[in-house]
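Architecture at a glance
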Amino acid sequence: MGALTDSINDLRTNARQWEAFYHRGHCVVLAPPGSGKTKLLTTRLAYDLFNHIPEPHGAACITLTNAAARQLQRRVETLGAPQRSTLFIGTVHSFALRQVVLPFARLTGKAELLSLGIASDKQERAAYVEAVAHVFGDPRYPSDYVEEVKARRRSLDTAPVTPGNPYLAAERRYRDNLRRQGLMDFDDVVEAAVDIVEHNPALRDVLMARYPHLYIDEYQDLHPGLDRLIRALCLGEAKAELFAVGDPEQALYGWAGSNPDLLFDLASQPDVHSVRLEHNYRCGHEIIRVANCIQRGHTMVGHRDGGDITTTRCPGGFPDQCEHVVGVVRQAVASGAVLHEIAVLCSTNRECKEVAKAMRDNGIPAFIREDAYRLNRATSFVENCTSWIAAGREFSDARLGNLLRDWRRLLTPSWTPQHDGALVEVLLDYPTRPDTAASALLADLFVLGLAGVFEQQAQAEEARALEQMKEHFADGGHHPLTVKDLAERVRRTNRVEVTTMTASKGLEFDIVLILGMDEKHVPHFKSANDQAKLNEDRRKFFVSITRARQAVHIFYSGFVRWPSGRSATAGPSRFLLEAGLITSASSPSRLW
Ligand SMILES: Nc1ncnc2c1ncn2[C@@H]1O[C@H](COP(=O)(O)OP(=O)(O)OP(=O)(O)O)[C@@H](O)[C@H]1O
């Protein structure tokens, strides 16, 4: 119990963390970046599994994305928490599908859901575009309408809708489009789960017996459907115990239908004990001072000395910013920085690719998470196999034991010990031919049993991501991606990490470089007249800055050039002025 004891001892040194850790009954922790929310949640879960949750009962630990769920899983394992079949760590969608809809749909008159497949991204998109075109008459920017319809569905809005509301009509048409193809989507799954839990007290009892403790991370960004599930399982007559952590100031998914006010409301419920943390253990003092200026009213207290923020104007536009990034990274490395402790954050995936290319062209290795497929248990298993094949068992970050564990989980319920032998054989064979196409490895894994994922509704998320991965591998044409290429691409050690500002959430690095801090870009021009969107863009900047332990470097040009060739000269981002990082006198918008 060494790691767990150490972590508990850390919490003991902070009175508020200790108060939350020690409290019995519902507890909601509201806390700023770097204040130990995830540490608190994982330590409490591991401790409870040892001391408060006797078998066969278990716990459900729910978060927003697959990446966050994998990180929680890793942190809980590091603390030595005991494994048990009633321990669920995963996303809201997989909780709704595996723990509520699949086991209870038949008993609650929703058996028809069991015969539906889960739509792929492409099928979803086509169904939305058709519905929007039909209802709104081929609008110029269909994506704006699609996002609006999606956000409406996710809000599970029960307010009466005026007859003839076009968004409701589009929603219905979309759903009919899917049903005609025998499909549903994950929003249907969450909606069905909410309905099952809210209207069936006996099934609630069954769920609470399995999961008498619920742990929720990043509450502010979760689907409103989850809020309804949690309230149904924990508040009122229901008795599951809730431990939730979140930070409304880091809410970044309003555009996707999430609502941080739900967290405030949950924290103010009479039988919920709420704790506010204020210490930030991650960032140096100067970074905290600036972060507090960005989010006025935020009073993070620093724990670490130092911290440095520089702001650089690059008059040559984004290419010039990339050149400056190369210079700063070189300088940092010369001063002893480790590459994987440096992150480069951009607003868009396209910019991420551009700056990664600039670094690689200058001999700086960079890791960039391509968005060609979602990373979840199945796709990261395939990636880890390529790492093991290409780097060998001594140098690979992937461990054979972990590969076999994931393999068994993916193949359950048809896994047999022979499947392990077959996987090991393939892993030992491929190192002799690392230039084989990654698609061939994937095909081999499908034949060995991975294709079974497509037959199980419970593995719908995995199947969807594997399908995307397969399509991506097939995209290479005459230059297919090889096993070695993929292993190289997914290696993070000793590489600068390049990611979007939004996806940087939950990560921490010594040095963070932020590009594109120009007005109309951050904040986005579409946010200018929408206070909610403007606040969300401000929070994105706040989250980005607070990823750094020691130093933040910010770059701007004073103008933006879009891929279409159009440009706008609107000066540096207003957020730089608000934070006092530049003065209005030094703002180029004054000079132009
Ligand atoms: N009491 C403590 N003593 C020492 N270190 C701590 C303590 N609490 C948290 N930390 C450290 O602070 C860092 C941030 O913790 P953690 O990632 O849990 O914060 P968080 O609130 O989830 O951050 P964010 O919201 O920005 O993702 C980690 O390195 C963690 O180990």
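Residues numbered from 1 in each chain as written. Predicted model: local features only at pLDDT ≥ 70, side-chain atom pairs only at ≥ 80, totals over all residues.

Going by what an unreviewed UniProt entry lists, the protein chain is known as DNA 3'-5' helicase and is assigned to Actinokineospora globicatena. Recorded in UniProt for the protein chain, the comment headed Sequence similarities (unreviewed entry) runs: "Belongs to the helicase family. UvrD subfamily." (UniProt positions renumbered as here; feature names shortened; annotations may be inferred.)

**A look at the overall build of the protein chain**
When helices and strands are counted, the protein chain shows 24 helices and 18 strands. Projected onto its principal axes, the C-alpha coordinates of the protein chain cover approximately 70 × 65 × 65 Å. Each of the 592 residues in the protein chain was classed as buried or not, and the buried ones make up 44%. (Helix = DSSP H or I, 4+ residues; strand = E, 2+ residues; numbered from the N terminus. Buried ≥ 20, exposed ≤ 12 C-beta atoms within 10 Å, placed from the backbone.)

**Things to note about the sheet that holds strand β1 (residues 27-30)**
Here we have six strands laid out as an open sheet, ordered β3-β2-β6-β7-β1-β8, and parallel in their pairing. The open sheet has two free edges, formed respectively by β3 (87-91) and β8 (273-276), since each of these has just one partner strand. Pairwise comparison of adjacent strand axes, ignoring direction, gives a mean angle of 10° for this sheet. Here strand β2 (residues 59-63) runs beside β3; their pairing, made up of five bridges, is parallel. Residue pairing across strands places Ile 62 opposite Gly 90, the latter belonging to β3. In this fold helix α3 (residues 37-51) packs onto β1, β2, β6 (213-216) and β7 (241-246), with an angle of close to 160° to the strand it touches most, β7. (Pairing = 2+ DSSP bridges. Axes fitted to C-alpha atoms, helices over the stretch in contact; angles between N-to-C directions. Contact = placed C-beta atoms within 7 Å.)

**Let's talk about unusual backbone geometry**
Pro 413 follows Thr 412 through a cis peptide bond whose omega is 10°. Here Pro 413 is to be found in the loop between α17 (400-411) and α18 (417-429). Phi at Asn 494 takes a positive value of approximately 60°, unusual for a residue other than glycine. Residue Lys 520 is not a glycine yet carries a positive backbone phi of 85°.

**Considering the sheet that holds strand β16 (residues 548-556)**
One open sheet holds the six strands; their spatial order is β11-β16-β15-β12-β14-β13, and the pairing between them is parallel. Single-partner strands in this sheet number two, and they are β11 (308-313) and β13 (366-368). Averaged over all pairs of adjacent strands, the angle between strand axes in this sheet comes to 20°, irrespective of strand direction.

**Thoughts on the UniProt feature "binding site: ATP" (unreviewed entry) in the protein chain**
Mapped onto this numbering, the UniProt entry annotates "binding site: ATP" (unreviewed entry) at Ala 31, Pro 32, Pro 33, Gly 34, Ser 35, Gly 36, Lys 37 and Thr 38. With respect to the element layout, Gly 34 can be found in the loop between β1 and α3. Residues contacting Gly 34, with those up to four places away along its chain left out, are Asn 280, Tyr 281, Arg 282, Cys 283 and Thr 546.

**Describing the pairing of strand β12 (residues 342-346)**
By the criterion of burial, β12 is predominantly enclosed, with five of the five residues buried. Alternating residues of β12 divide into Ile 342, Val 344 and Cys 346 and Ala 343 and Leu 345, and every residue in both groups is buried. The pairing of β12 with strand β15 (residues 509-514) spans four bridges and is parallel. Within β15, the residue paired with Leu 345 across the bridge is Ile 514. Where β12 lies against strand β14 (residues 496-500), four bridges are found, and the strand directions are parallel. Its bridge partner being in β14, Leu 345 is matched across the sheet by Thr 499.

**Looking at the site of the ligand**
Lining the immediate environment of the ligand, one finds 18 residues, of which Pro 33, Gly 36, Lys 37, Thr 38 and Tyr 281 sit closest. Secondary structure elements with two or more residues in the shell around the ligand: α1 (2-12), α3 and β9 (279-284). For the shell around the ligand, the element with the highest residue contribution is α3, accounting for three residues. Class assignment of the residues belonging to the shell around the ligand gives a composition of four nonpolar, nine polar and five charged. (Near = placed C-beta within 6 Å. Nonpolar A, V, L, I, M, F, W, Y, C, P; charged D, E, K, R; others polar.)

**Here we look at α3**
End to end, α3 covers 21 Å across 15 residues, agreeing with the expected 21 Å (1.5 Å per residue, within 8%). Within α3, the full set of buried residues consists of Lys 37, Leu 40, Leu 41, Thr 42, Thr 43, Arg 44, Leu 45, Ala 46, Tyr 47 and Leu 49. (Expected span 1.5 Å × (residues − 1).)

**Things to note about the nonpolar core**
Val 29, Ala 193 and Leu 214 are the most contacted members of the largest nonpolar core, which totals 108 residues. At eight residues, helix α9 (residues 186-199) tops the list of elements feeding residues into this core. Leave out the neighbours within four places in its chain, and Leu 214 touches Ala 60, Ile 230, Leu 233, Cys 234, Ala 240 and Leu 242. Counting 54 residues, the second-largest nonpolar core is a separate cluster that includes Ile 288, Leu 515, Ile 554 and Leu 581. (Core = buried A, V, L, I, M, F, W, Y, C linked by C-beta atoms within 7 Å.)

**As for the pairing of β16**
The element β16 is largely enclosed, with a buried count of nine among its nine residues. Looking at chain direction, β11 and β16 are connected through six bridges and run parallel. Across the sheet, Asp 308 pairs through a bridge with Ala 551, a residue of β16. The sheet contact formed by β15 and β16 spans five bridges and is parallel. Along β16, the bridge assignment pairs Phe 509 with Ala 548. Note that the unit made of β15, helix α22 (residues 531-545) and β16 has a crossover that is right-handed. (Right-handed = clockwise from strand over helix to strand, strands pointing away.)

**Re the environment of Ala 244**
Relative to the elements of secondary structure, Ala 244 occurs in strand β7. Along the primary structure Ala 244 and Ile 216 are separated by 28 residues, whereas in three dimensions their C-alpha atoms are 4.5 Å apart. Once residues within four sequence positions are removed from consideration, Ala 244 is found in contact with Val 28, Ile 216, Tyr 219 and Leu 266.

**Describing the packing of helix α13 (residues 285-294) against α22**
Direction vectors running N to C along α13 and α22 enclose 170°, while the axes themselves pass 10 Å from each other. With respect to α22, the element α13 is oriented roughly antiparallel. On the side of α13, the interface is formed by Ile 287, Val 290, Ala 291 and Ile 294, while α22 contributes Arg 538, Phe 541, Phe 542 and Ile 545. The class makeup of the residues in the contact of α13 with α22 is seven nonpolar, no polar and one charged. (Parallel < 35°, antiparallel > 145°, perpendicular 65-115°, else oblique.)

**Some remarks on α13**
Along an α-helix, a turn takes 3.6 residues, which lines up residues three or four apart on a common side. Buried residues of α13: Ile 287, Ile 288, Val 290, Ala 291 and Ile 294, and no others. For α13, the buried positions fall inside an angular range of 165° around the axis, keeping them on one side. Tucked into the core, α13 has its buried residues touching β9, β10 (301-304), β11, α22, β16 and α23 (574-578). (Arc of directions from axis to C-beta.)

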